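The primary structure of each chain is shown beneath.
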Amino acid sequence: MAVVSDFKTAKQRYVMLISVHGLIRGKNLELGRDADTGGQTKYVVEVAKVLAEHPDIAQVDVVTRRVSDRKVAGEYSRPLEVLSPKARIVRINCGPDKYLPKEHLWPHLDGMVDHLLDWLRSEGKVPDLIHGHYADAGYVAARISGLLGVPMAFTGHSLGRTKKQSLLAGGATEEQLERRYRLGRRIDAEESALDSATFVVASTQQEVDEQYQLYDQCDSNRMRVIPPGVDLKRFAPPARTSTSSKAESDIRRFLSAPEKPMVLALSRPDPKKNIPRLVEAFATNKALRQMANLVIIAGNRDKIADLDRGARETWWKLLELIDEHDLYGSVAYPKHHRADDVPIIFQLAARHRGVFVNAALTEPFGLTILEAAASGIPVVATNDGGPREILSRCKNGILVDPLDVPGLGEAILTTLKDANQWRRLQKSGVRGVEKNYSWRAHVDTYVKYVHDATRTTSSARKLVQPRGRLLTADRMLITDIDNTLIGKKEPLRKLIDQIRRAGSKLAFGVATGRRLDLALQALEENRVDPPDFLITSVGTSIHYGTGLVEDRGWQYHIGYRWHPERLRKITESFEALMWQENEGQDTHKISFIVREGHTFDPADLHAVLRRARLQAQVIFSHGTYLDLLPVRASKGLAIRYLAIRLGIPLDMVLTAGDSGNDEDMLRGNTLGVVVGNHDPDLHHLREEPRIYFAQGTHARGILEGIEHYRFLDESASRIPLASSAMG
Ligand code: GLC
Ligand code: MG
């Protein structure tokens, strides 16, 4: 295993990029193999490599899902791959071994969070910044960032709300979208990532204005526009000598005078790309038609009838126009090309003193414009967000109204007519891309934002030294009190007896909604031995040992973004909510009861909080209790904090509960046990891969869970059921 050098100067940062889905490796990325292995995969690997070369970067880890499946290459199961001296790919388990499409990963992300925590603990080093790519990794990054108090960044790549809009417009129903794409989970994950991120990276301002702005948690002050880089090794002006290629002969055979300047269009045959208007512009401008050829590279086709509807209609229209204007001999539209041909085609156009045209109806980014510029071809492009930004920086062409057919033809002609002008545009484009759109330029800007985000490093936690069993234990039993630990005398005595007999290897704790004083009271009344630790007020407070030493570090950690006054104010408008008695309130907990006869939907409160830009966890139990907690606090988060501190892996932690406020301590990699008398709140956890539903009620259910997991077996130094992150 490659060991990261521990040496790190004060200025240097350790950055972790998380990109969960698809197939990621350092070489020969299988781009386009499936919908999940494409642009994003390429982007993350590219950024990691170049980022690692930056002097201010100590280490870059790309964290992705580990896949061990005969259907894919063996490399994707390797826990670690070294990319360069300072960059690695780290593969972490996430659900089953087999390769899964991203829509199916949602139930496994909590588990991945826990495996990643285990891995971080084994490395003994915490990143300075965690950057989530796409909604799934955004979710993972937000959880880890909250737990460790490390700043996070987020890049959506593509966004659920945008997709939802266009699918709904296309006639799909909400239900179909949920079933097919899990858009609800995705959008929630995006909202929480946007909320937690110190900064968000977008490719263009238009992406911010039209896409990110659809989100409640989009905050313009935290949005950063950094255009992605162009691969300047692949896209470069042509060398003096050229070798002929198949791509070239595929084009030439259409043309009667192939040496003429080339007007090139390259895009998917999507109606949005507006290719028919370009054909019209070319056909109806006499001078242009005389001096140039038109080359259309629009996807691949065997039979037009087999293409999807948009592509089919585009092609029919194109063929019709070519025929109508009798463009035979001056328009080429080859049937096939490979991804590797694209740089060759651009070079061909550059050698033929060509012009690249992107007349799309809208163009938020326009990577092909950059590739054309890098290859030395001037451009004519739609006057929209992406091209506007590119052309203003590179000064390499003309912006046009994509609906103005004669204007389009004139712009192309102007670009081609004057050879000196053409050369000026060519040079300016090549230089502009190098300066503004190289990976190095991208990374330089990114590192500036990394510094901004990590300048104020997180609080040094005041650590309470573990004592007694907390020091010797290799496993933890953590149970809720009401309706779980207490309620049935005889099994409770049996459980207490088992805990005593387990001795120093077991740490015993409770995690309850009760405030500390009331929790102690309940334990005493039921003659439960003093636990090694108490997590009280729904995870907002942690105390250790018989001395009840408070964990001040935890208090400090969860105070982040906690605005109790504003929360109290905003909840006043909810008729259905009634304050709990004083003992229900705590420093980091605001609690209500739902009035009898009233209905209350937590989603409504979520929506109001979002609109007010207020962050809080909303926890609903037994259909009556409602708790508002800081974003960094809950029973589950408190347990993870403890497990990290005590060095106990989560798959050696058994948690037991019965209702809503127990949910997040039951999920993930802990050994969850739901007792038989559980509330309907928890029904849906049956879908979770690793939660045991006991038959027995109360403490009998816990005993059953201990048995099920063989949790207290002498031999079980590690519970076999749980596969650990690094194999
Ligand atoms: C306990 C607490 C109460 C809380 C409830 C649900 O009953 O006393 O304040 O609302 O748990 O978490
Ligand atoms: Mg309970």
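Treat the numbers as computed from the prediction; the structure is a model and nothing was measured. (Residues numbered from 1 in each chain as written. Chains lettered and ligands numbered in written order. Predicted model: local features only at pLDDT ≥ 70, side-chain atom pairs only at ≥ 80, totals over all residues. Heavy atoms only, no water.)

Caption draft 1: Representation of the overall build of the protein chain. If you tally the helices and strands in the protein chain, you get 26 helices and 26 strands. Relative to a compact globule of 727 residues, whose C-alpha radius of gyration would be 27 Å, the protein chain shows 30 Å and is just as compact. The dimensions of the protein chain, computed from C-alpha atoms along their principal axes, are 100 × 60 × 45 Å. Relative to its full complement of 727 residues, the protein chain shows a buried share of 58%. The long-range share in the protein chain, meaning contacts at least 24 apart out of those at least 6 apart in sequence, stands at 69%. About 31,200 Å² of surface is accessible on the protein chain, with carbon and sulfur atoms providing 49% of the total. Counting 100 positive and 93 negative side-chain charges, the protein chain places the centres of these two groups 5 Å from one another. (Helix = DSSP H or I, 4+ residues; strand = E, 2+ residues; numbered from the N terminus. Rg over C-alpha atoms; globule rule 2.2 N^0.38 Å. Buried < 20%, exposed > 50% of the residue type's maximum accessible area, 1.4 Å probe, protein only. Contact = heavy atoms within 4.5 Å. Areas by Shrake-Rupley, 256 points an atom, 1.4 Å probe, with all protein chains shown as cover. Lys, Arg positive; Asp, Glu negative; His and termini not counted. Charge placed at Lys NZ, Arg CZ, Asp CG, Glu CD.)

Caption draft 2: Representation of unusual backbone geometry. Of note in the backbone geometry, Asp326 takes a positive phi value of approximately 50 degrees without being a glycine. Its location among the elements puts Asp326 in the loop between α11 (309–324) and β11 (331–332). The phi torsion at Ser537 lies on the positive side, around 45 degrees, for a residue other than glycine. Using a relative accessible area of 1% as the deciding quantity, one classes Ser537 as buried.

Caption draft 3: Quick peek at empty space enclosed by the protein. By the definition in use, this model includes two cavities of 30 Å³ or more. A volume near 60 Å³ is recorded for the largest cavity. Lining the largest cavity are Glu248, Ile251, Arg252, Leu255, Pro258, Lys260, Pro261, Met262, Asn293, Leu348 and His352. Top contributing element to the lining of the largest cavity by residue count: helix α8 (residues 246–252), with three residues. Estimates place the volume of the second largest cavity at around 30 Å³. Those elements that provide at least two residues to the lining of the second largest cavity are α8 and α12 (341–351). Ranked by the residues each element gives to the lining of the second largest cavity, the list is headed by α8, at three residues. Looking at the lining of the second largest cavity, its residues break down into five nonpolar, two polar and two charged. (1 Å grid on protein atoms, 1.4 Å probe; cavity = no way out; pocket = protein on both sides within 12 Å on 5 of 7 lines; lining within 4 Å. Points joined across faces, edges and corners; volume = space filled by probe spheres on them. Nonpolar A, V, L, I, M, F, W, Y, C, P; charged D, E, K, R; others polar.)

Caption draft 4: Summary view of the packing of α12 against helix α13 (residues 367–375). Look at α12 against α13: their axes get within 9 Å of each other, and the N-to-C directions meet at 55 degrees. Taken together, the axis directions place α12 and α13 in an arrangement best described as oblique. For α12 against α13, the interelement crossing comes out right-handed. Contact residues: α12 offers Val342, Phe346 and Ala350, while α13 offers Thr368, Glu371, Ala372 and Ser375. Within the contact of α12 with α13, the residues separate by chemical class into four nonpolar, two polar and one charged. (Axes fitted to C-alpha atoms, helices over the stretch in contact; angles between N-to-C directions. Parallel < 35°, antiparallel > 145°, perpendicular 65-115°, else oblique. Left-handed = near helix turned anticlockwise from the far one by under 90°.)

Caption draft 5: Examining the domain arrangement of the protein chain more closely. Domain boundaries assigned for the protein chain yield domain 1 (8–229 + 441–458), domain 2 (246–437), domain 3 (464–559 + 632–727) and domain 4 (562–629). Placing the centre of domain 3 and that of domain 4 at their C-alpha centroids yields a distance of 26 Å. Each partner contributes to the interface: domain 3 provides 19 residues, whereas domain 4 provides 15 residues. Summing both partners gives a buried area of about 1,300 Å² for domain 3 against domain 4, and 49% of it is carried by carbon and sulfur. At the boundary of domain 3 and domain 4, one finds zero salt bridges. There are nine residue pairs in polar contact (both at pLDDT 80 or more) connecting domain 3 and domain 4. (Domains from an automatic or database assignment. Buried area = accessible area lost by both parts, 1.4 Å probe. Salt bridge = Lys/Arg side-chain N within 4 Å of Asp/Glu carboxyl O. Polar contact = N/O pair within 3.5 Å; in protein donor to acceptor, adjacent residues only side chain to side chain.)

Caption draft 6: Region of interest: the confidence of the model for the protein chain. In the predicted model, the protein chain carries a mean pLDDT of 91, and the fraction of residues at 70 or more is 95%. Note on residues 458–463: pLDDT under 50 across the span, and 10 contacts to partners over four residues away in sequence or across chains. This model gives residues 717–727 a pLDDT under 50, and the stretch forms 29 contacts once residues within four places in sequence are excluded. (pLDDT = per-residue confidence, 0-100.)

Caption draft 7: Just helix α19 (residues 489–502), in detail. For α19, with 14 residues, the first-to-last C-alpha span of 20 Å sits near the 20 Å given by 1.5 Å per residue. Taken as a whole, α19 has its buried residues at Pro491, Leu492, Leu495, Ile496, Ile499 and Ala502. Buried residues in α19, looked at end-on, bunch into an arc of 145 degrees, giving them a common side. Set apart from the buried face of α19 by more than 90 degrees, the exposed residues are Lys489, Arg500 and Arg501. Of the surrounding elements, those touching the buried residues of α19 are α18 (469–472), β15 (475–479), β16 (506–511) and α26 (698–709). In the stretch just after α19, Gly503 is the one whose phi turns positive, near 65 degrees. (Expected span 1.5 Å × (residues − 1). Arc of directions from axis to C-beta.)

Caption draft 8: Structural detail: the nonpolar core. Counting residues in each nonpolar core, the largest one holds 71 residues, and the members touching the most others are Ile18, Leu116, Val140, Ile144, Met476 and Phe533. Take this core: its biggest share by element is 10 residues, from helix α3 (residues 134–148). Two domains each donate at least three residues to this core, and these are domain 1 (8–229 + 441–458) and domain 3 (464–559 + 632–727). Here Ile18 is in contact with Val63, Leu116, Ile130, His131, Gly132, His133, Ala137, Val140 and Ala141, once residues within four sequence places are set aside. By size, the runner-up hydrophobic cluster in this structure holds 35 residues, among which are Leu318, Ile322, Tyr333 and Ala411. (Core = buried A, V, L, I, M, F, W, Y, C linked by side-chain atoms within 4.5 Å.)

Caption draft 9: Focus on the coordination of the magnesium ion (ligand 2). The protein atoms that coordinate the magnesium ion (ligand 2) are Asp480 (OD), Asp482 (O) and Asp658 (OD), at distances spanning 2.1 to 2.4 Å. Asp658 gets classed as buried once you look at its relative accessible area, which sits at 1%. (Donors = N, O, S within 2.8 Å, 3.2 Å for Na, K, Ca; no water.)

Caption draft 10: Structural view of the site of ligand 1. Taken together, Gly513, Arg514, Val538, Gln580, Gly584, Lys589, Ser591, Ser621, Tyr625, Asp627 and Asn661 form the complete shell of residues around ligand 1. Contact between ligand 1 and Gln580: an oxygen atom at 2.6 Å from a side-chain N or O atom of the residue. Interatomic distance of 2.6 Å between a side-chain N/O atom of Asn661 and an oxygen atom of ligand 1. Notes on ligand 1: free accessible area 300 Å², of which the protein chains cover 84%. Residues that form the shell around ligand 1 fall into these classes: two nonpolar, six polar and three charged. Each of domain 3 (464–559 + 632–727) and domain 4 (562–629) contributes no fewer than three residues to the shell around ligand 1. (Near = heavy atom within 4 Å.)

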